[in-house]
Amino acid sequence: MALHRIGTAPTPRLTETFTLPLPDGGLHSIVVLPDGDTCVVSAENDGTLYLVSLGEGRAIDRLVGHSGPVNSLALADAGRLLLSASDDETIRVWDTRSWRTVFVLAGHSGYVREVAGQGLRAVSGGEDRTVRVWDLSDGTCLAVFDSHVSSVDHVAVSPDGMTAASAGRDNQVLLWDLDGLRLSRELYGTDQFIREMPDLEWLGDTWILCGANETGRGHQEAPTALHFDDSSLYTAAHEIIRWDLSSGSEVARFPRQGYIRTLATFRDFVAAGSMHGARVSRPDGESLATFAVVDGSVVDMAYLPDGQLVTAHEPGSLKLWPALGGDERDSGRHRGSVTDLVVSGDGTLAASVGLTGEVLLWDVGSGTLLATVESHDVPCEPVFMPSGLLVVAERRRLHLVSRNGDQRILAPVDGIVSLAVIDDQSLLVVLYDSAPEVWSLDGSRRPLVGEFGGGGNFHPLIAGRYALVPCLLRKEHSLVGGAPVSVLGVRALQCWDLVSGELVWTLHGRITAELTWGVYGWVVQLADGAIVTTREVGDVTSLAVLDAATGETHQELPLPKGSDLPCVETLDGTLLFVHHDELVSGVWGIDPDEDVLLLRLQLPRSRAIRLVPDRNLLIRLGDREVFAHRLSSGREITAVRLPADGRCLAVAGDGDVVVVGDSDGGMHFFQAQWDKIDQ
């Protein structure tokens, strides 16, 4: 067999010009002086700052003065002054010509989280819930604003020095008049509040944003970065919003990009740094390019005068990236690693899920991108209706995407965790804390009736008139009766009659306070109508063959420890399933007429394996290659090389097309040439 490439994502994303390791890890902030070569970097240390020459590729000096880690750096007075904000509750002002401390700005009664400057004005925000304005000509505090009700983690100053912005952990963004030293406008505020969880074991002190933003403005989460350009303010959380300063209105919303740590602008470029790298867009949100990293989140960034971008990373390194020309287009790939793949029933369409939440719809035959679904979160894998309509679930709504790329959204609801297709016009929607519901594509909903378990991210199965739903029984459930259970609950399988809408039966695993895995994690229907799933017998995970109508067990066989992948039925009724351990991947077989479990094949440890029994094929995904093997013998038939580490694997059209998603967000489509197989 030969695998021929029929489609792929565009050329790999841009790579760094060079990487410069620094002495201390855990970088916090970076600024670039007007000379375009000298950088100042703060790290997770005792407060030392490093002067770095990009041209020489090394640290050239150190600045000592702070007694605690420096959280933020900024320039003022056209680069003649450096501002450094620290956990020691002070802001130091440095002369960038002599590198001596000019002033120590004291007044905050908690960690100073961020500082920004323009001209001879500076603005700072801290955990004491205040925003402070400073005169850098004499080091005096001009104003203290206390309108925030939680820690002020982010501040920014407009290029003309007239306006400042501040963001608190309570998801409130305020604009300040720096001429009149007064509140100018609440850009947006919410009813959300902060709950402090002190000394939460290894997490340390933790703050949780509680409640939802129901105002229709701003972010669902507290902003993680603020940045001004000449006419706009950019706020970032998991997405970026561009605000018009004259009206205070939202003028653009950039697609979800993961947890954004920092923003920077240069001419018509807007760069956002996150755990996945740096993504560069136009002010309207159109994506141009992605600078991908695999060795640490981007914590801060700055543009050089010539348009090159320098990024600071958590492990303790700087990366320099090439300047963009403006004609780049970063389309046809994910922004981060591909995490899941689903193929339509007829094998003509594929949906891929990215680490940052977006879902891409592809034509399998050509490998071309048909549509992009930008979602805030995708709690379960997408599903295809028989017609080819793609359904993408967020926690609160469903996206319906047609083959031509048209999209619409079904009525909002809270707590969607998994889906199953009933027929071409209806879906089973499993919810986190209420009974499953039957949804029609016209938007109507019908709740099922019975004492439900809490929904989990496990795939339901529609078997004729019955819906089998893996779930969790929490300690309040009548079948548990208040017994001590783990924080997740007790794994269970429930069967619902879709005609009457009533609960038929519930099976559950051991009632124990310990975590249990591999129980009712998957459910498959066999050709004869029987149901196959995993369950626990004592401390042993077993494969159980059940009757869908009654839940009665027909057969039970022990499985290898840790088995959690669905089985595949062959033409003769043999059940095959894949098991991965630390060293190898194996294919096991169970003859339904014999209570015997046999190891059929043993292969090198693989990221994923897909079985195609009708074609006597096994497709295996290695780190950088896709392999095809004989299922009967394990003999390798062919292999193709990938440009990045493989992450997910799917097979379409009875094995005619192999689809691979990689760690760089790329998608790859390969046509299998059956006429070249020796049977």
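Q: Which residues make up the sheet that holds strand 55 (residues 584-590), and what are the values?
A: An order of 53-54-55-56 is seen for the four strands of this open sheet, with the pairing classed as antiparallel. Each end of this open sheet is capped by a strand with a single partner; those strands are strand 53 (568-569) and strand 56 (597-604). As defined by bridge partners, strand 53 adjoins strand 54 (residues 575-580) across two bridges and the pair is classed as antiparallel. For Glu 569, the partnering residue across the bridge sits in strand 54 and is Leu 575.

Q: Any chance you could break down a nonpolar patch on the surface for me, citing the residues and the numbers?
A: On the surface, a cluster of nonpolar side chains totalling about 300 Å² of accessible area is made up of Val 487, Leu 488 and Leu 515. Looking at where Leu 515 falls in the secondary structure, it is placed in the loop between strand 48 (503-508) and strand 49 (523-525).

Q: Lay out unusual backbone geometry in plain terms, naming residues and giving numbers.
A: Trans is the prevailing form of peptide bonds, just as negative phi is the prevailing case for residues other than glycine. Positive phi, close to 75°, is recorded for Glu 89, a residue that is not glycine. With respect to the helices, strands and loops of the structure, Glu 89 is situated in the loop between strand 8 (81-86) and strand 9 (90-95). For Glu 89, a relative accessible area of 32% puts it in the partly exposed group. Located in the positive-phi region is Arg 267, a residue other than glycine, with phi close to 50°. By the secondary structure assignment, Arg 267 is in the loop between strand 25 (260-266) and strand 26 (269-274). Note on Arg 267: relative accessible area 72%, which makes it exposed.

Q: Got a sec to walk through the pairing of strand 32 (residues 338-343)? Specific residues and values, please.
A: On a regular strand, each side chain points to the face opposite its neighbour's, so the side chains alternate between the two faces of the sheet. With five bridges connecting them, strand 32 and strand 33 (residues 349-354) associate as antiparallel partners. Bridging from a neighbouring strand, Val 343 pairs with Ala 350 of strand 33. Between strand 32 and strand 33, which pair antiparallel in sequence order, lie five residues; one of them, Gly 347, sits at a positive phi of approximately 75°.

Q: Go over the nonpolar core with me, naming the residues and quoting the values.
A: Within the largest apolar cluster, 18 residues are counted, with the highest numbers of intra-cluster contacts made by Leu 22, Leu 27, Ile 30, Val 41, Val 52, Val 310 and Leu 318. Going through the elements one at a time, strand 3 (29-32), strand 4 (38-42), strand 5 (49-53), strand 29 (298-303), strand 30 (309-313) and strand 31 (317-321) are the ones with two or more residues in this core. Not counting residues within four places of it along the chain, the set of residues in contact with Leu 22 comprises Leu 27, Val 41, Val 52, Gly 316, Ser 317 and Leu 318. By size, the runner-up hydrophobic cluster in this structure holds 17 residues, among which are Leu 389, Leu 398, Leu 410 and Leu 441.

Q: Lay out the sheet that holds strand 60 (residues 636-641) in plain terms, naming residues and giving numbers.
A: Pairing is antiparallel in the open sheet, where four strands are placed in the order 57-58-59-60. Across the chains shown, the open sheet's two edge strands, defined by having one partner strand only, are strand 57 (608-612) and strand 60. Averaged over all pairs of adjacent strands, the angle between their axes in this sheet comes to 15°, without regard to strand direction. With five bridges connecting them, strand 59 (residues 625-630) and strand 60 associate as antiparallel partners.

Q: Which residues make up the pairing of strand 37 (residues 390-393), and what are the values?
A: Burial along strand 37 is two-sided: the face carrying Leu 390 and Val 392 and the face carrying Val 391 and Ala 393 are both buried. Relative to strand 37, strand 36 (residues 383-384) runs antiparallel, the two sharing two bridges. The residue bridging Phe 384 from the neighbouring strand is Leu 390, located in strand 37. Pairing analysis gives four bridges linking strand 37 to strand 38 (residues 398-401), with the strands arranged antiparallel. In the sheet register, Val 392 faces strand 38, and the bridge partner there is His 399. The turn linking strand 37 back onto strand 38 is made up of four residues.

Rules of the game
Residues numbered from 1 in each chain as written. Predicted model: local features only at pLDDT ≥ 70, side-chain atom pairs only at ≥ 80, totals over all residues. Heavy atoms only, no water. Pairing = 2+ DSSP bridges. Helix = DSSP H or I, 4+ residues; strand = E, 2+ residues; numbered from the N terminus. Patch = residues over 30% accessible without salt bridge, like charges linked within 9 Å, V, L, I, M, F, W, Y side chains within 5 Å. Areas by Shrake-Rupley, 256 points an atom, 1.4 Å probe, with all protein chains shown as cover. Salt bridge = Lys/Arg side-chain N within 4 Å of Asp/Glu carboxyl O. Buried < 20%, exposed > 50% of the residue type's maximum accessible area, 1.4 Å probe, protein only. Core = buried A, V, L, I, M, F, W, Y, C linked by side-chain atoms within 4.5 Å. Contact = heavy atoms within 4.5 Å. Axes fitted to C-alpha atoms, helices over the stretch in contact; angles between N-to-C directions.

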